[in-house]
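# Summary of the model geometry
Here is how the chains run, residue by residue.
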Amino acid sequence: MPWDQAVRLKRRRTKIVATLGPSSADAATIEQLILAGVNVFRLNFSHGDHATHGATYAGVRQAATALDAPVAVLADLCGPKIRVGRFEDGQIALVDGEPVTVTVRDVVGTAGLIPSQYAELAADVRPGVRILLSDGLLELRVDAVEGPDIACTVVHGGVLKDRKGINVPDLALSAPCMGDKDRADARFAADLGVDYVALSFVRRPEDVAELRTVLGGELPARVIAKIEHPAALEEIDAIVAAADGIMVARGDLGVELPPEDVPVAQQRLVALARAHRKPAIVATQMLESMIEHPQPTRAEVSDVSTAVFSGADAVMLSAETASGRHPVEAVSMMDRIARRVESHLWSDRGFLTPDEEAPGRYALGDAVARSVAQLSRDLGVRAIVVFSEQGGTARVLSSARPAAPLLAVTSSQRTMLQCALLWGVEPKVVDQVTGESYRAVARQLVRDMGLAEPGHHILAIAGLGTGSGAREGDEPTTTILTV
């Protein structure tokens with residue numbers, strides 16, 4: 001097929017996560033962002049206070065209701081983000097080869113003196129290790145530690161501004177994954193009713209368990225583990241199993257790891273999450289130049305495309321929408337990139353990936369999901385209607401990447417919103433479906449949503465996930481229906 005003749009799909013499968021902030025938190029912009037294609041809004045608890053986040057959350061819910069759009073909300077906890085303090089003039093200059101002191105004392109920084117907001121830094125480091133500053137752009141080498149002061153030599157200098165990040169890639173720092181602020185933020189987010197909570201700097205599965213305890217509740221928010229430290233990669237299988245999804249947070253991961261390792265880590269993490277039937281979000285600097293400019297670089301377009309090609313459930317915008325000059329344009333661009341790549345994938349292989357061609361032995365739900373995905377290609381069905389009361393069946397089928405759109409039907413508002421993050425899933429709330437009524441419900445919904453017309457084939461599925469459907473407790477069922 002000629003490169004430019006791929007079928008243009010009506011519905012995008014890859015979801016878009018957009019961070020709200022000063023550039024985008026007003027009601028009018030939130031509405032424009034939803035119309036441009038946002039599926040999940042991120043509240044970044046590294047900035048702002050509870051009152052601001054509460055007002056933003058209410059604005060999202062109001063706009064989504066007015067537009068009848070299934071838009072989820074993700075609260076992103078700050079975590080042990082280690083930063084420098086403040087300087088007398090807002091910044092200092094670091095010169096290659098010159099000495100500089102990093103201190104954990106409560107002081108204002110001056111030329112040659114860098115205050116650290118992380119009180120345990122002096123206890124954690126030792127001579128010879130690297131201290132990276134400002135997203136790894138600046139580098140110090142530790143020469144000696146004397147009480148609260150760390151004597152260093154500047155290896156790669158430049159301008160260091162207030163509150164820039166500190167990374168120590170050679171060591172596992174003692175800072176806990178969750179501090180008092182994170183616990184308070186998590187409880188506040190849970191009381192608001194957010195759909196997902198992202199936990200920063202996860203290093204072990206116990207970190208995820210701790211957040212679940214804090215969230216509590218009968219219908220708690222789902223937990224996204226942010227993978228941004230090499231220690232997490234050592235226990236990644238257990239972390240993915242413990243969490244409800246992962247975020248490939250390439251900012252800090254790209255500082256802690258050699259930069260050439262990050263693309264490989266990203267690819268493997270997305271594949272691992274899918275193998276665990278968990279959503280994966282690829283984040284950080286995806287359209288970074290659009291913070292200032294109305295168009296991205298070609299390299300950024302390729303970066304977003306790579307995430308879509310790899311099968312990521314979602315791609316995320318951070319400062320591009322939170323503080324950038326062109327938030328709506330950034331979402332529109334990401335939407336266009338994803339749609340173009342997906343059109344190629346659908347036309348080329350119907351979203352079938354090479355790893356799916358290998359024979360293997362699978363659990364019952366996974367095997368049925370793979371069969372349904374293949375059946376959707378063989379029959380050319382227009383939609384797959386998934387009856388999924390708690391979201392399990394929708395999640396399993398999404399991970400199989402079928403060719404047809406997935407319509408997740410549930411009577412739970414919470415499940416509907418949590419399904420908004422899943423690849424290819426369009427969630428819908430209906431009254432509880434019982435008995436054989438699911439056939440009529442499926443036919444009516446696909447007609448109402450413009451997914452199929454009389455004479456088209458659709459599939460109706462229930463019972464693949466744990467506690468996953470309106471027909472909970474039944475054997476998995478797959479029904480071919482003619483609209």
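### A word on the packing of aromatic side chains
Applying the stated criterion across every chain yields a total of two aromatic pairs. For the ring pair Phe 45 and Phe 188, a centre distance of 6.4 Å and an interplane angle of 70 degrees mean the geometry is edge-to-face. Remark: Phe 188 occurs in helix H4 (residues 180-192) and Phe 45 occurs in the loop between strand S2 (40-44) and helix H2 (50-67); sequence separation between them is 143 residues.

### Here we look at the side chain of Asp 244
Following the sequence through the fold, Asp 244 ends up in the loop between helix H7 (236-242) and strand S14 (245-249). The exposure class assigned to Asp 244 is buried, which follows from its relative accessible area of 15%. At 3.0 Å, the side chain of Asp 244 forms a polar contact with the side chain of Arg 212. Among the polar contacts listed, one links the side chain of Asp 244 to the backbone nitrogen of Val 223, at a separation of 2.8 Å. Residues in contact with Asp 244, not counting those within four places in the same chain, are Arg 212, Arg 222, Val 223, Lys 278 and Pro 279.

### Comments concerning helix H9 (residues 262-275)
Across its 14 residues, H9 extends 20 Å between first and last C-alpha, which sits within 8% of the 20 Å expected from 1.5 Å per residue. Within H9, the full set of buried residues consists of Val 262, Ala 265, Gln 266, Leu 269, Val 270, Leu 272, Ala 273 and Arg 274. Just downstream of H9 lies Arg 277, where phi reads positive at about 60 degrees.

### Points about the sheet that holds strand S6 (residues 113-115)
Overall, mixed pairing links the six strands, which are arranged S6-S5-S9-S8-S7-S11 in an open sheet. At either end of the open sheet lies a strand with only one pairing partner, and these are S6 and strand S11 (166-167). The pairing of strand S7 (residues 130-133) with S11 spans two bridges and is classified as antiparallel. Residue Leu 133 lies in a different strand from S11, and its bridge partner there is Ile 166.

### Remarks on the packing of helix H1 (residues 27-36) against helix H12 (residues 327-349)
It is at 9 Å that the axes of H1 and H12 come closest, and there the two elements cross at 10 degrees. The pairing of H1 with H12 is recorded here as roughly parallel in orientation. Within the contact between the two elements, H1 uses Thr 29, Gln 32, Leu 33 and Ala 36 and H12 uses Pro 327, Val 328, Val 331, Ser 332 and Asp 335. Here the residues of the contact of H1 with H12 sort into five nonpolar, three polar and one charged.

### Remarks on the nonpolar core
Membership of the largest hydrophobic core comes to 66 residues, with the highest contact counts inside it found for Phe 41 and Leu 211. If we skip the residues at most four places from it in the chain, Phe 41 touches Ala 18, Leu 20, Ile 30, Leu 33, Ile 34, Val 60, Val 71, Ala 72, Val 73 and Leu 74. Listed in part, the 27 residues of the second largest apolar core include Ile 82, Val 100, Ile 114 and Leu 173.

### Considering the sheet that holds strand S21 (residues 477-482)
Strand order in this open sheet of five strands is S19-S18-S17-S20-S21, and the pairing throughout is mixed. Among the strands making up the open sheet, the edge pair consists of strand S19 (425-429) and S21. Averaged over all pairs of adjacent strands, the angle between their axes in this sheet comes to 25 degrees, without regard to strand direction. By the bridge criterion, five bridges tie strand S18 (residues 406-410) to S19 in an arrangement that is parallel.

Scoring rules and cut-offs
Residues numbered from 1 in each chain as written. Predicted model: local features only at pLDDT ≥ 70, side-chain atom pairs only at ≥ 80, totals over all residues. Heavy atoms only, no water. Phe/Tyr/Trp six-rings, centres within 6.5 Å; stacked < 30°, edge-to-face > 60°. Helix = DSSP H or I, 4+ residues; strand = E, 2+ residues; numbered from the N terminus. Buried < 20%, exposed > 50% of the residue type's maximum accessible area, 1.4 Å probe, protein only. Polar contact = N/O pair within 3.5 Å; in protein donor to acceptor, adjacent residues only side chain to side chain. Contact = heavy atoms within 4.5 Å. Expected span 1.5 Å × (residues − 1). Pairing = 2+ DSSP bridges. Axes fitted to C-alpha atoms, helices over the stretch in contact; angles between N-to-C directions. Parallel < 35°, antiparallel > 145°, perpendicular 65-115°, else oblique. Nonpolar A, V, L, I, M, F, W, Y, C, P; charged D, E, K, R; others polar. Core = buried A, V, L, I, M, F, W, Y, C linked by side-chain atoms within 4.5 Å.

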